[in-house]
Structures are given as C-alpha cells and as structure tokens.
Amino acid sequence: MTIWPSPESRSKALYDRAAKVMPGGITRIQPWQDPFPVYAAYGEGAYVVDEDGTRRLDLLNNFASLIHGHAHPAIVEAVTKRVALGTAFTLPTEAEVALAETICARVEGFEWIRFSNSGSEAVMCAIKAARALTGRSKIVKVEGCYHGAYDYAEVSLDSEPENWGNEPRSVGFSAGVPKGVTDDVIVIPFNDVEAAQRIILSERHQIAAILIDATPSYLGFTPISTAFARAMESLAEKIGALLILDEVISFRMHEGGAQTLYGIKPHLTTMAKIIGGGFPVGAVAGSREVMRVFDHRQGKPLLPWSGTFTGNPVSMVAGKVSLDLLSQSAIDRIDALGARLREGVAAVYQQRGEPGQVTGVSSMFRLHGHARPIIDHRSCYHTAEEARRVLALQRALLDEGYHLSGKGMGFIATAMNENDIDGFVAAVGRALDRLSPAAAA
C-alpha cells in the first residue's frame, strides 16, 4: 500500500490533476496539508479512508458538521429515499417544515426560523437583519473570533501584535477589504466586561448588532463567562441593538444549544453544521418580533432573503434525522469522551514537560503550542514557532492514523468510543516523543 505523501500515492496523482484546474490545486483552503492534501475516498463511522487505503480516526468530521460520523445508516437511508423523489424544487416541501419544527421545539426562544445554505450565509443574514431592523450600520464582534467568510464577520480574525493596537483595532482579513468595512466593525476583547462596555457605549448610536460566540473555536473553545454574556445582553438592550449568538458549532453542546446551557438570551441565533446531517445548511432563528424582518406578507420585507438551494429537501431530511439522533444522553456521552480526551492529553503534556496544552469544552478540543492561560485572542495567539509545533504535531498524528486540523482543532462524534479516545491520547504521547529535541539529538 502506498502511503501519503509518497510521490507515487493516489493523492499525489489527484493533486497534480487538481493543480491544472484549481488555484493552488484546491477549492477549499482549510484542508490543505503540505506538500499536498490527503484525498478522501470514503468514510465509515468514526473513520475516514484516503485514496491510498489508509484508515484514520476522523477528529475533524468536516469541521464539526458530522456529529454522527460518516455515512450513519439512518441518515443514508433517509437521504437515499429523498433523492429518488427529487433533490431541489422551486416549491417548498414538507421536509423544511419538519426540520423547522424540530429546531424550534429544542430552544425556548425560537419562534420562527429561516434557512440558508451555510454558516457564513446565516451570519451574513443575521447581520443584514439587524441593520434592516435598526437602520444602523455598525456591528460589534470579538477579536479573533471566526464567524464565516463575510467581510464584516472576518474583521480582526487574525490580527497580530504588529497591527492589533493597545485595544482591539479593526483589521481587514483579506487583501482589498474596503475601509468602509473596517469602519463599520467595532472590535472588543473576549470576556473583558469593562473594556467591552466602554468601547460599545462610545459608539452606541451607530451599532446595529453585537455578534458573539459562546465558545469561540479560534480561542480554543474558551467558554464565555456569565458576566460577559449578561453584559452583552444588557448592552444590546440599552443601546437598542440586536444580540446575535453564533451557534454554528456550539449548537452541539446541548439539545437547546449553548444558549440553553449558559442561559444566554440572544435576539437572533445562527446555526449550521449539525442541523444539516452532513449536507449544506444554515439557519437564523429568533422571536417572531425580530424575525418579522423576513416576512413578506405585508409587502416587500425589510430583508428579502432567498437562495436556489435554500431549504432543499435533501439537507432538510438529513438534518432532521441528525437532530432526532442527537438526544441529550447522546450529547452527554460525547461530552464525557471530550473530557476524557482533554484530561488524557493534558496528562501527556505534563508528563513530558513539553511546551503545549489542550483546551476545550463539551465535545470540542484544541491543541496549542504554548502553555499560557488562555482568556482571549491575545493570550491564545501563537507565535510562528508555537504554530510550527502544533503543525508538526498534527502531521505526526496524521502518520499515527488521526486526522485533525493544522491548528490542532478537533471534534468528537457519536460514532466514537473510549478506545478511540485512548488511542488518540497514546498517539499524542508517541508523537511528542518523536518530536522532542532529545529525540532529534
């Protein structure tokens, strides 16, 4: 069997083909792996098998969207039946009604819901809704938080010591971001109530929305503090803005999402990933009072919103089965596996005295190349050397048979068990041993 990254591997042949028709040989930057990507052939439960036949535990699960792992039989059966009846229509279907009912039944504050095709679209939709309702243009977001591929949501995602300022400065993410975009985004530090209040109140009359995440992935899934959550709720009410909670990832933390777990009361919630059962999906939900921004029945709505594949029956059917399978007991079980993984990896780091740590909550985790306490973007930020350590560890774990992101991020699926987790912990130990300066000497 040829093993990646051999130049004779099937993945190399596929990459060479891709490089002729795609910029950089890829159409999605996150899965990039130097010197060329590992190409997946198929998935089975907790595992992904690449084009050369190598089987690895998939701790990424398409960045948290496959909470039941690959090709869950119940989802496959439902989707297969649905595909035979048609995959997309101009007309609405019962499938979208059923998924909407299922999601709204899980969260007390969800009265109406509007679907989209991705988490990025959902966040964009929520921001536009807030602007339409308030007549204001500016949004507030947390420094270093990822909210998808929308110019406004990306501001200060990867700000560095050279440009982040004494207090968070609005920094464009990609080249060519207009100044008007950065001018309309106010950036605050995570979990710093005093600074956030001062910054927000200084521009209170221009703010349409405050956008937050209860457990930001780019901050190592550090949980929001109760004080910060209450402060954001209070500030939104005080200044007449909407509080938007991004639950694209965190909706997996409880049957009713992180907002139920932490007692957060947003005006709008964005969702994606697990609510599509492995198919493209996004959604915005909230009270009827706020969601009326989409209601067309009195004429042109404040925010017209549509999409060719929005609410397509394949995603809707898969999403409903995914959520029906995700009971609170199932969530509790993968949360326990997440705790087992984090405790095990923390012990491995401590035993070896290597510079690094693992953070996370619920069924989510992230490996770091430093041991500093993490409270926000600046404390989480990795230097070039620290980022290199994580990438080297990720590569070593790939060789060990474990797939996670280049930033050390991973997610537990219901298809996993204690043996899978213990195997990963042991593999981290072996990888660190191989990568240690002593081993190199």
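Q: What's the story with the sheet that holds strand 2 (residues 47-50) in this structure? I'm lost.
A: Strand pairing in a sheet relies on backbone hydrogen bonds. The paired strands run either parallel or antiparallel. The strand order across the open sheet built from four strands is 1-2-3-13, with neighbouring strands paired in mixed fashion. Edge positions in the sheet fall to strand 1 (40-44) and strand 13 (402-403), since each of these pairs with one other strand and no more. As defined by bridge partners, strand 3 (residues 55-58) adjoins strand 13 across two bridges and the pair is classed as parallel. Residue pairing in the sheet places L57 in a bridge with Y402 of strand 13.

Q: Before we go on, may I ask you to explain the side chain of D335 in this structure?
A: Mapped onto the elements of the fold, D335 is located in helix 13 (residues 328-352). One buried charged side chain, D335, makes no salt bridge at all; its nearest oppositely charged neighbour is R342, positioned 6.8 Å away. Within the local environment of D335, its side chain forms a polar contact with the backbone nitrogen of S363, the two atoms lying 3.3 Å apart. Excluding anything up to four places from it in sequence, D335 contacts M253, S362 and S363.

Q: Looking at this structure, how should I read the sheet that holds strand 14 (residues 409-411)?
A: Read across the sheet, three strands follow the order 11-12-14 without closing on themselves; strand pairing throughout is antiparallel. Two strands lie at the open edges of the sheet, namely strand 11 (357-361) and strand 14, each paired on one side alone. Between one strand axis and the next, the sheet turns through 20° on average, direction left out of account. In this structure, strand 12 (residues 364-368) lies alongside strand 14, joined through three bridges in antiparallel fashion.

Rules of the game
- Residues numbered from 1 in each chain as written.
- Predicted model: local features only at pLDDT ≥ 70, side-chain atom pairs only at ≥ 80, totals over all residues.
- Heavy atoms only, no water.
- Pairing = 2+ DSSP bridges.
- Helix = DSSP H or I, 4+ residues; strand = E, 2+ residues; numbered from the N terminus.
- Buried < 20%, exposed > 50% of the residue type's maximum accessible area, 1.4 Å probe, protein only.
- Lys, Arg positive; Asp, Glu negative; His and termini not counted.
- Salt bridge = Lys/Arg side-chain N within 4 Å of Asp/Glu carboxyl O.
- Polar contact = N/O pair within 3.5 Å; in protein donor to acceptor, adjacent residues only side chain to side chain.
- Contact = heavy atoms within 4.5 Å.
- Axes fitted to C-alpha atoms, helices over the stretch in contact; angles between N-to-C directions.

Take it as geometry only, folks, not as evidence of what the structure does.
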